[in-house]
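Architecture at a glance
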Amino acid sequence: MSAVRRAGVCGWPVAHSRSPLIHSYWLARYHLEGAYERFAVPPLGFPDFAASIGRDGVVGANVTVPHKEAAYAACERLTDAARATGAVNTLWREDGALWGDNTDVAGFLASLDAEAPGWRERVEDAVVLGAGGVARAIVHGLLSCGVQRVAIVNRTPARAAALAERFGPTTRPAAWDDLPHLLSKASLLANATILGMSGQPPLDVSLAPLRAEAIVVDVVYAPLETPLVEAAWRRGCVAFGGLGMLLRQAAPGFKRWFGKTPEVTPELRALVEADLRAEKGRT
Ligand SMILES: NC(=O)c1ccc[n+]([C@@H]2O[C@H](COP(=O)([O-])OP(=O)(O)OC[C@H]3O[C@@H](n4cnc5c(N)ncnc54)[C@H](OP(=O)(O)O)[C@@H]3O)[C@@H](O)[C@H]2O)c1
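Predicted model, so just to flag it, every value in this text is computed and none were measured.

As a structural note, the neighbourhood of the ligand is formed by 20 residues, with Val134, Asn154, Arg155, Thr156 and Arg159 the closest of them. Taking asparagine 154, its side chain carries an N or O atom lying 2.7 Å from an oxygen atom of the ligand. Threonine 156 places a polar side-chain atom, nitrogen or oxygen, 2.5 Å from an oxygen atom of the ligand. Burial of the ligand by the protein chains amounts to 77% of its free accessible area of 930 Å².

Okay, structure coming up:
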């Protein structure tokens, strides 16, 4: 193993990833000798990439599109979050075995803890929009914190039904038309679709039935303040976008690879916000 610890993000394509910005900030902040790179790995190359972890100084990797399911399959050991969600976004080798975690779960919960303190005591009914990878992480995270009822609403009803089947009787699939009723009872609404993201269609949901005490989370972070978040603020709700989750999902990997629990500082947030704004200016 080379002396410098190397980690990176593995994807195809991988140029758009903000992970190098986040991890390089932490390496510099804590004066750690290490490198965080971009690993451009085509789909058929993933097994070789996974086997290379533990060699040539490579201590692990983040995994992004299209490798999350392949990473899950390649792992010999999985954390509870990875097993429950069926997806892996963080890899490392321990005692010879390839380990995988899905840190979107911890990232989502940590951003709720930071931005809506006390939420664990007050959220009983949640509504999750979406049934993709991030929705799976959110549903698992909410259930692991004791949320009593989670309704899953998705454009493709069969995917919402499959998710509810996976997580059991505290979850249920629901129709888009049920939203007014569901929102009137909900203490948390999470958007885990791509709707509202720059370049995607808007999320067309009226928040009129939502109580002002409800918490609204949008996993979308470009734009930084989505129309959903702005509409929730107008109702007096605590509401926030996905940047906090994006920053916090990076922390568990950094700790494993470089040995230091990193902080999500205002300086880091400002750095990534500036990068997102610069990209908006370019597109
Ligand atoms: N904040 C963070 O840390 C973070 C991390 C990862 C991802 N994200 C964001 O999370 C979002 C979801 O990512 P993902 O990985 O879960 O994606 P995914 O697995 O592809 O799921 C996409 C979801 O969006 C829905 N959707 C797509 N187009 C739609 C449309 N025109 N109308 C209605 N629903 C539509 C899909 O519904 P169907 O099932 O009907 O296709 C599905 O539920 C993205 O915006 C991504 O940028 C945030």
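As a further point, take the nonpolar core. Grouped together as the largest cluster of nonpolar side chains are 32 residues, with contacts concentrated most on Leu112, Trp119, Leu142, Leu188 and Ile215. Elements with a minimum of two residues in this core: α5 (104–115), β7 (125–129), α7 (133–144), β8 (149–153), α8 (157–167), β10 (188–191) and β11 (215–218). The element that contributes the greatest number of residues to this core is α7, accounting for 5 residues. Leave out the neighbours within four places in its chain, and isoleucine 215 touches Leu112, Ala116, Trp119, Arg122, Val123, Ser187, Leu188, Leu189, Val238 and Phe240. Among the nonpolar cores identified, the runner-up in size contains 25 residues, and Ala97, Leu243, Ala251 and Phe258 belong to it.

What follows concerns α7. Between the first and last C-alpha of α7 there are 17 Å, a value that for 12 residues agrees with the 16 Å anticipated at 1.5 Å per step. Among the residues trailing α7, glycine 146 stands out with phi positive, at a value near 90 degrees.

Right, let's get into the sheet that holds strand β3 (residues 58–63). The strands making up a sheet associate through backbone hydrogen bonding, with each pair oriented either parallel or antiparallel. Spatially, β2-β1-β3-β5-β6-β4 is the arrangement adopted by the 6 strands of the open sheet, whose pairing is mixed. Of all the strands in the sheet, just β2 (34–40) and β4 (77–78) have a single pairing partner and so form its edges. Contacts between helix α1 (residues 19–29) and the sheet are confined to β1 (5–11), β2 and β3, with β2 contributing the most and set at about 170 degrees to the helix. Sitting on the sheet, helix α12 (residues 251–258) is in contact with β1, β2, β3 and β5 (90–94), with an inclination near 25 degrees to β5.

Within the secondary structure, serine 111 sits in helix α5. Apart from the residues within four sequence positions on either side, serine 111 is in contact with Ala116, Phe240, Gly244, Met245 and Arg248.

Here we take up the domain arrangement of the protein chain. When the domains of the protein chain are assigned, the result is domain 1 (6–103 + 250–264) and domain 2 (105–243). Relative placement of domain 1 and domain 2: their C-alpha centres are 27 Å apart. Interface of domain 1 and domain 2: buried area, both sides summed, is about 650 Å²; carbon and sulfur atoms make up 49% of it. Where domain 1 touches domain 2, the interface holds 1 salt bridge. Glutamate 69 is the partner of arginine 136 in a salt bridge, and the nearest nitrogen-oxygen pair spans 3.7 Å. For the interface between domain 1 and domain 2, the tally reads 6 residue pairs in polar contact (both at pLDDT 80 or more). No other element matches helix α4 (residues 80–85), which puts 5 residues into the side of domain 1 that touches domain 2. In the side of domain 1 that touches domain 2, the residues fall into 2 nonpolar, 4 polar and 4 charged.

Take helix α10 (residues 227–234) next. Of all the residues in α10, the buried ones are Leu228, Val229 and Ala232. Looking straight down α10, one finds that the buried residues subtend no more than 95 degrees of arc, so they occupy a single side. Pointing more than 90 degrees away from the buried face of α10 are the exposed residues Pro227 and Arg234. Residues of α10 that are buried in the fold lie against β10, β11 and β12 (238–240). Glycine 236, located one to two residues past α10, shows a positive phi value of around 90 degrees.

Conventions we followed
- Residues numbered from 1 in each chain as written.
- Predicted model: local features only at pLDDT ≥ 70, side-chain atom pairs only at ≥ 80, totals over all residues.
- Heavy atoms only, no water.
- Near = heavy atom within 4 Å.
- Polar contact = N/O pair within 3.5 Å; in protein donor to acceptor, adjacent residues only side chain to side chain.
- Areas by Shrake-Rupley, 256 points an atom, 1.4 Å probe, with all protein chains shown as cover.
- Core = buried A, V, L, I, M, F, W, Y, C linked by side-chain atoms within 4.5 Å.
- Buried < 20%, exposed > 50% of the residue type's maximum accessible area, 1.4 Å probe, protein only.
- Helix = DSSP H or I, 4+ residues; strand = E, 2+ residues; numbered from the N terminus.
- Contact = heavy atoms within 4.5 Å.
- Expected span 1.5 Å × (residues − 1).
- Pairing = 2+ DSSP bridges.
- Axes fitted to C-alpha atoms, helices over the stretch in contact; angles between N-to-C directions.
- Domains from an automatic or database assignment.
- Buried area = accessible area lost by both parts, 1.4 Å probe.
- Salt bridge = Lys/Arg side-chain N within 4 Å of Asp/Glu carboxyl O.
- Nonpolar A, V, L, I, M, F, W, Y, C, P; charged D, E, K, R; others polar.
- Arc of directions from axis to C-beta.

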